[in-house]
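Read off the chains here:
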Amino acid sequence: MILLDRVTKSYTKTGKPAINRVSVHVKAGEFVILVGTSGAGKSTLLKLLTREEKPSSGKIVVGGIDYDTLKDKHIPLLRRKIGVVFQDFKLLPNRTVFENVAFALEIAGMTNREIKSTVPKVIELVGLKGKEKNFPHQLSGGERQRVAIARAVVRQPKILIADEPTGNLDPKHSWDIVRLLEKINKYGTTVLLTTHNVDIVNKLKRRVITIDHGKITSDQARGTYKQ
Ligand SMILES: Nc1ncnc2c1ncn2[C@@H]1O[C@H](COP(=O)(O)OP(=O)(O)OP(=O)(O)O)[C@@H](O)[C@H]1O
C-alpha cells in the first residue's frame, strides 16, 4: 500500500536532510504508529505521502501510484486515496457538523442527493448522531476531532493519516479518538498515526516505527515507546 525506497528530503541545500534514506513498507490494512522527538521528521514523511512535499531523491509508491510518474493533474486522485486529520482539527467555523462533512463531497462534485444519503452514515460512524446542526464552537475538542475524522473518511480513502490527532485532547477524549481510528482500521482502512502519547503507544500494541534525525531507528510489530 505504501512503499518508500531510500527516500531523502532536504529543505535546504546545505543543512541535514529532514528525511534521510528512509525505506519502509506498509501493507494494506495495517495500523502503524510513527513516533520520534520533535523535529525528527515525522510530519515531513507524511507530507511526502500526501505530495505536499516532493522528495529530493528516492522512490515513493502509494496505492499503486508511482510518484515519479505522477502528474500534477492527478494529485486530486491521489488525495482521494488519503484522508488526513491534524492536531488542530481544521474545521470550517461557520459551517455545521453536517456541512463540514458535506463540504468534502461538494468539492468532489457529488450531487445533493448523494450527499444527503452519505453524510448521515459517516456522522453515525463517528458517534455524532444528533449533533449534525451544531457549529464547531458548540462541540468539545473530542467531538471536533470526530468531525475532522468523518470529513477525512467520507470519501472512503484507502489510507487515513492522523498527525498527532490527540495533541489537544484530554486522556478520555484521546482514547475515544484512538478507538475510533481502530474501528476505521477494522473496516479496512490503513491507518498511520503520529503521536507523542506514550500511554497510547504502549497500550495499543501496534506496529511502531521510530524516527530519529530523519532516519528509522526501529520498526517493531507490537512496539513500545519511551520518551
Ligand atoms: N518547510 C520547511 N522548511 C525548512 N525546514 C523544514 C520545513 N519543515 C520542516 N523542516 C525541518 O525538518 C526537520 C523535520 O521536521 P518535521 O516537521 O518533519 O518533524 P516532526 O518529527 O514532525 O516534529 P514534531 O513532532 O515537532 O511535529 C526539522 O529540522 C524542521 O525544522
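Residues numbered from 1 in each chain as written. Predicted model: local features only at pLDDT ≥ 70, side-chain atom pairs only at ≥ 80, totals over all residues.

Right, let's get into the UniProt feature "domain: ABC transporter" (unreviewed entry) in the protein chain. Residues annotated in UniProt with the feature "domain: ABC transporter" (unreviewed entry) correspond here to residues 2-225. Structurally, residues 2-225 is divided into 33% helix and 25% strand, and its ends, taken at the C-alpha atoms, are 23 Å apart. (UniProt positions renumbered as here; feature names shortened; annotations may be inferred. Helix = DSSP H or I, 4+ residues; strand = E, 2+ residues; numbered from the N terminus.)

In space, the 6 strands of this open sheet follow the order E6-E7-E8-E3-E9-E10, with mixed pairing throughout. Since the sheet does not close on itself, it has two edges, and those belong to strand E6 (82-86) and strand E10 (215-220), each with one partner. The mean angle between the axes of side-by-side strands here comes to 20 degrees, regardless of whether they run parallel or antiparallel. Bridging between E6 and strand E7 (residues 159-163) involves 5 bridges; their strand directions are parallel. Residue pairing for E7: Gly-83 is matched across the bridge by Leu-160. (Pairing = 2+ DSSP bridges. Axes fitted to C-alpha atoms, helices over the stretch in contact; angles between N-to-C directions.)

With that out of the way, let us pick up the pairing of E10. Regular strands place side chains that alternate from one sheet face to the opposite one. Note that strand E9 (residues 207-212) and E10 share 5 bridges and pair antiparallel. In the strand pairing of E10, Val-208 is matched with Gln-220. From the end of E9 to the start of E10, which pair antiparallel, there are 2 residues, and His-213 there has a positive phi angle of about 45 degrees.

What follows is about the site of the ligand. Taken together, the residues surrounding the ligand are Tyr-11, Ala-18, Gly-36, Ser-38, Gly-39, Ala-40, Gly-41, Lys-42, Ser-43 and Thr-44. When its residues are assigned to classes, the shell around the ligand shows 3 nonpolar, 6 polar and 1 charged. (Near = placed C-beta within 6 Å. Nonpolar A, V, L, I, M, F, W, Y, C, P; charged D, E, K, R; others polar.)

The strand order E2-E1-E4-E5 describes an open sheet built from 4 strands, whose pairing is antiparallel. Where the open sheet ends on each side, the last strands, each with one partner, are strand E2 (19-26) and strand E5 (65-66). Two strands pair when backbone bridges link them, and strand E1 (residues 2-9) and E2 are joined in this way by 5 bridges, in the antiparallel orientation. By the bridge assignment for E2, Leu-3 is matched with His-25.

Turning to the packing of helix H5 (residues 141-153) against helix H6 (residues 171-186), a few remarks are in order. At a minimum axis separation of 9 Å, H5 and H6 run at an interaxial angle of 20 degrees. By the angle class used here, H5 and H6 are roughly parallel. H5 and H6 meet at a crossing whose hand is right-handed. The residues of H6 that touch H5, namely those facing Gly-141, Gly-142, Gln-145, Arg-146, Ile-149 and Val-153, are His-173, Asp-176, Ile-177, Leu-180 and Ile-184. Tallied by class, residues from the contact of H5 with H6 come to 5 nonpolar, 4 polar and 2 charged. (Parallel < 35°, antiparallel > 145°, perpendicular 65-115°, else oblique. Left-handed = near helix turned anticlockwise from the far one by under 90°. Contact = placed C-beta atoms within 7 Å.)

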